[in-house]
Amino acid sequence: MKNICFYFKIHQPFRLKRYRFFDIGNDHYYYDDFADDEIISRLAENSYLPMCDTLLDMIRESNGGFKCAISVSGTALEQLQLYVPEVIEKLKQLADTGCVEFIAGTYSHSLSSLEDPEEFMRDVKKQMVMLKNTLNVTPKTFSNTELIYDDDIAMLIKAMGFNSCLTVGAKHVLGWKSPNYIYKAATAPGLKLLLTNDKLGSDLSQNFNNPEWPEYPLNADKYMDWVAALPEEEQVINLHFSMDTFGSFLPASTGIFLFMKALPRFAAERNIVFATPSEVVSKMKAVGELAVPYPMSGIDEARDVSAWKGNGLQNEALGKLYGVAERVSLCDDRRLKQDWEYLQSSDHFYYMSTKNMADGASHAAFSPYDSPFSAFTNYMNVLADFLVRVEEQYPESIDNEELNSLLLTIRNQASEINSLNKEVKTLRANILNDDTLTVVEHEEVVAEPKAKEPAKAKPGRKPKAETESKPKAKPGRKPGRKPAAKKADE
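Below is a short write-up of the structure. Computed from a predicted model, the values in this text were never measured in an experiment.

Points about the overall build of the protein
Reasoning step 1: Per the secondary structure count, the protein includes 20 helices and 10 strands.
Reasoning step 2: Considering only contacts within the protein whose residues lie at least 6 apart along the sequence, 77% involve residues at least 24 apart.
Reasoning step 3: Total accessible area on the protein stands at roughly 26500 Å², and carbon and sulfur atoms take up 53% of it.

Structure (structure tokens):
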């Protein structure tokens, strides 16, 4: 029985405003809020909301038979909360169905996995917390920025506790192998790899509305025929799309939403089922190891990382940014750390690409800049101001090792002070309790009826106490006279 895993990605960066050289040191706010609001509101109206409704209808009409996975970057969740909170509610509804698995990724859709392993792990951890707080989900499967993957990244993913990872089924890596199997990482055997089927994915995302395509028009019946025609032993087909594809790049007028709604019915006729990544990896074994010595991705024809690291401009910007990663991680300035997250978004470096031909046209279509050089200049102006702020926190005259040592000493002292403060509070509480007990005992012993005070004597008379203090006279004798001495002869 064949299993289809649909993956839908939602990501939006915080776009930079026009930032000039003379703004450095004077303006510390870098973002184009109007552009962010306009773009994500338009995408929500055309893509996110209708696609979420379509997925809910597919789940409902198939009685839970349709299943899929969704990844949402942290920056996209922030913008949705700010501008289109109703999309968050739709995502919560999808999560509540139990038929949609949310998968982990990097918070800012960053390139940290290629530049700084420690920052990469911090970025993923922050994204996990964001998904838990926003959608109340705990991902089990990982998908890196634009499916970037290699053997070194595999070890980091496994170290973070993930047992499965989605990446690209690149031809130059697979060779004669098929992407429609589960593989295991060569450097982390416990990590199962799910590979995308680029052929079936591009047929839908790029050719669905292409009248010049030989297979045009594409309908759900034909698409399921292609899946059913795959060799019997190829049991899992992973299809990865940006959710923007549905409704924006392929408008509703093309019939794309009707196409999606028809898929479960035609799949059931061919004994094809839909599954989540966790379900697939739990019931299928890996057929072999896959070694990926060099990074690959799902972007551009080459399926490598040249979309972000293909020229000197991009590498210069990345080097400057991640050169202060350790210092930023040590600071407690909330605003500085927020800017650090936003500036890591891979989109900023994608705009700097100088590629030509089809890849170049794709980069230019997404870029808000006139040229890659304008993108580089604007970003470096922003980065220059950001680095000044980092310098104010931790001067460059102190190297990282010395800085770490100083901060470690400060933190140890702070910890010791907190411990001593707790001890002082405990001792003070004990002393107060002891004082209370002593006072209570003293009151119980001393608390006796008090003797009445002697009455004051009247004027001209002696006090009664003085009278009582004198010895009383014997009976029969007059007071004041001594008894007569006895005679000697007696």
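There's plenty left to go through after this.
Focus on the state of the cysteines
Reasoning step 1: Taken as a whole and judged by the stated rule, the model has 0 disulfides.
Reasoning step 2: No disulfide involves Cys52; its sulfur sits 9.1 Å from the nearest other cysteine sulfur, which is in Cys68.
Reasoning step 3: Look at Cys52 and you get buried, because its relative accessible area is 0%.

Some remarks on unusual backbone geometry
Reasoning step 1: Following Tyr216, the chain continues to Pro217 via a peptide bond in cis, the omega torsion being -5°.
Reasoning step 2: The topology assignment puts Pro217 in the loop between helix 8 (198–205) and helix 9 (220–228).
Reasoning step 3: The residue Asn63 is not glycine, and still its phi comes out positive at about 55°.
Reasoning step 4: Residue placement: Asn63 occurs in the loop between helix 1 (33–61) and strand 2 (68–72).
Reasoning step 5: Overall, Asn63 belongs to the exposed group, its relative accessible area being 75%.
Reasoning step 6: A positive phi is found at Asn136, a non-glycine position, where the angle reads about 60°.

A word on empty space enclosed by the protein
Reasoning step 1: Inspection of the entire model under this criterion finds 1 cavity of 30 Å³ or more.
Reasoning step 2: Within this model, the largest cavity holds a volume of roughly 120 Å³.
Reasoning step 3: Lining of the largest cavity is provided by 16 residues; of these, Lys9, Ser71, Gly105, His109 and Ser143 occupy positions nearest its centre.
Reasoning step 4: Elements that contribute at least two residues to the lining of the largest cavity include exactly strand 1 (2–10) and strand 2.
Reasoning step 5: Looking at the lining of the largest cavity, its residues break down into 4 nonpolar, 10 polar and 2 charged.

With respect to the packing of aromatic side chains
Aromatic ring pairs are described here by two measures, namely the spacing of the ring centres and the angle between the planes.
Reasoning step 1: The tally for this structure, following the rule as stated, stands at 27 aromatic pairs.
Reasoning step 2: Measuring from ring centre to ring centre gives 5.2 Å for Phe208 and Phe259, while their planes differ by 65°; the resulting arrangement is edge-to-face. Highlighted residues: Phe208 in the loop between helix 8 and helix 9 and Phe259 in helix 10 (residues 256–269), separated in sequence by 51 residues.
Reasoning step 3: You can call Phe208 buried: its relative accessible area is 6%.
Reasoning step 4: An aromatic cluster of at least three residues, connected via ring pairs, comprises Phe6, Phe8, Phe66, Phe241, Phe246 and Phe274.
Reasoning step 5: Positioned over the ring face of Tyr107 is Lys126, at 4.5 Å from the centre of the ring.

A short note on the nonpolar core
Reasoning step 1: Tyr149, Leu193, Trp308, Phe349, Tyr379 and Phe386 are the most contacted members of the largest nonpolar core, which totals 75 residues.
Reasoning step 2: When residues in this core are grouped by element, the largest group, 8 residues, is from helix 18 (residues 372–393).
Reasoning step 3: In this structure Trp308 touches Leu111, Glu146, Ile148, Ser297, Ile299, Gln314, Leu318, Ser346, Phe349 and Tyr350, once residues within four positions along its chain are discounted.
Reasoning step 4: Formed by 61 residues, the second largest nonpolar core is a distinct cluster that contains Ile10, Leu56, Leu200 and Val227.

Things to note about the environment of Pro368
Reasoning step 1: On the secondary structure map, Pro368 appears in the loop between helix 17 (357–366) and helix 18.
Reasoning step 2: Since its relative accessible area comes to 43%, Pro368 is described here as partly exposed.
Reasoning step 3: With 17 residues separating them along the chain, Pro368 and Tyr351 place their C-alpha atoms 8.0 Å apart.
Reasoning step 4: Setting aside its immediate chain neighbours within four residues, Pro368 contacts Arg18 and Tyr351.

Here we look at the pattern of salt bridges
Opposite charge on two side chains allows them to pair when their charged atoms are near.
Reasoning step 1: This model, assessed by the stated rule, comprises 21 salt bridges.
Reasoning step 2: Taking the shortest distance from any N to any O, the salt bridge between Lys222 and Glu215 comes out at 3.9 Å.
Reasoning step 3: The exposure class of Lys222 is partly exposed, given its relative accessible area of 22%.
Reasoning step 4: The shortest N-O distance in the salt bridge between Arg389 and Asp339 comes to 2.7 Å. Separated by 50 residues along the polypeptide, Arg389 in helix 18 and Asp339 in helix 15 (residues 334–343) bring together distant segments of the chain.
Reasoning step 5: Assessed through its relative accessible area of 0%, Asp339 is described here as buried.
Reasoning step 6: One network of salt bridges, in which partners are shared, links Asp221, Asp225, Glu269 and Arg270.

Regarding the sheet that holds strand 4 (residues 141–143)
Reasoning step 1: One open sheet accounts for 5 strands, arranged 4-5-7-6-10; its pairing is mixed. The sheet is open, and its two borders are formed by strand 4 and strand 10 (289–290), each paired with just one other strand.
Reasoning step 2: Relative to strand 7 (residues 192–195), strand 6 (residues 182–185) is paired through 3 bridges, and the arrangement is antiparallel. Residue pairing for strand 7: Lys184 is matched across the bridge by Lys192.

Quick look at the environment of Gly201
Reasoning step 1: Position of Gly201 among the secondary structure elements: in helix 8.
Reasoning step 2: Take Gly201: its relative accessible area is 9%, and that puts it in the buried class.
Reasoning step 3: Through-space distance from the C-alpha of Gly201 to that of Leu239 is 5.5 Å; in sequence the pair is 38 residues apart.
Reasoning step 4: What Gly201 contacts, discounting residues up to four positions off in sequence, is Tyr223, Leu239 and Phe241.

Considering the side chain of Asp244
Reasoning step 1: Mapped onto the elements of the fold, Asp244 is located in the loop between strand 8 (236–242) and helix 10.
Reasoning step 2: For Asp244, which is buried and forms no salt bridge, the nearest opposite charge comes from Lys9, at a distance of 7.1 Å.
Reasoning step 3: Only 2.9 Å separates the side chain of Asp244 from the side chain of Tyr48, close enough to count as a polar contact.

Here is what the cut-offs are and how they apply
Residues numbered from 1 in each chain as written. Predicted model: local features only at pLDDT ≥ 70, side-chain atom pairs only at ≥ 80, totals over all residues. Heavy atoms only, no water. Helix = DSSP H or I, 4+ residues; strand = E, 2+ residues; numbered from the N terminus. Contact = heavy atoms within 4.5 Å. Areas by Shrake-Rupley, 256 points an atom, 1.4 Å probe, with all protein chains shown as cover. Disulfide = S-S within 2.5 Å. Buried < 20%, exposed > 50% of the residue type's maximum accessible area, 1.4 Å probe, protein only. 1 Å grid on protein atoms, 1.4 Å probe; cavity = no way out; pocket = protein on both sides within 12 Å on 5 of 7 lines; lining within 4 Å. Points joined across faces, edges and corners; volume = space filled by probe spheres on them. Nonpolar A, V, L, I, M, F, W, Y, C, P; charged D, E, K, R; others polar. Phe/Tyr/Trp six-rings, centres within 6.5 Å; stacked < 30°, edge-to-face > 60°. Lys NZ or Arg CZ within 6 Å of the ring centre and 35° of its normal. Core = buried A, V, L, I, M, F, W, Y, C linked by side-chain atoms within 4.5 Å. Salt bridge = Lys/Arg side-chain N within 4 Å of Asp/Glu carboxyl O. Pairing = 2+ DSSP bridges. Lys, Arg positive; Asp, Glu negative; His and termini not counted. Polar contact = N/O pair within 3.5 Å; in protein donor to acceptor, adjacent residues only side chain to side chain.

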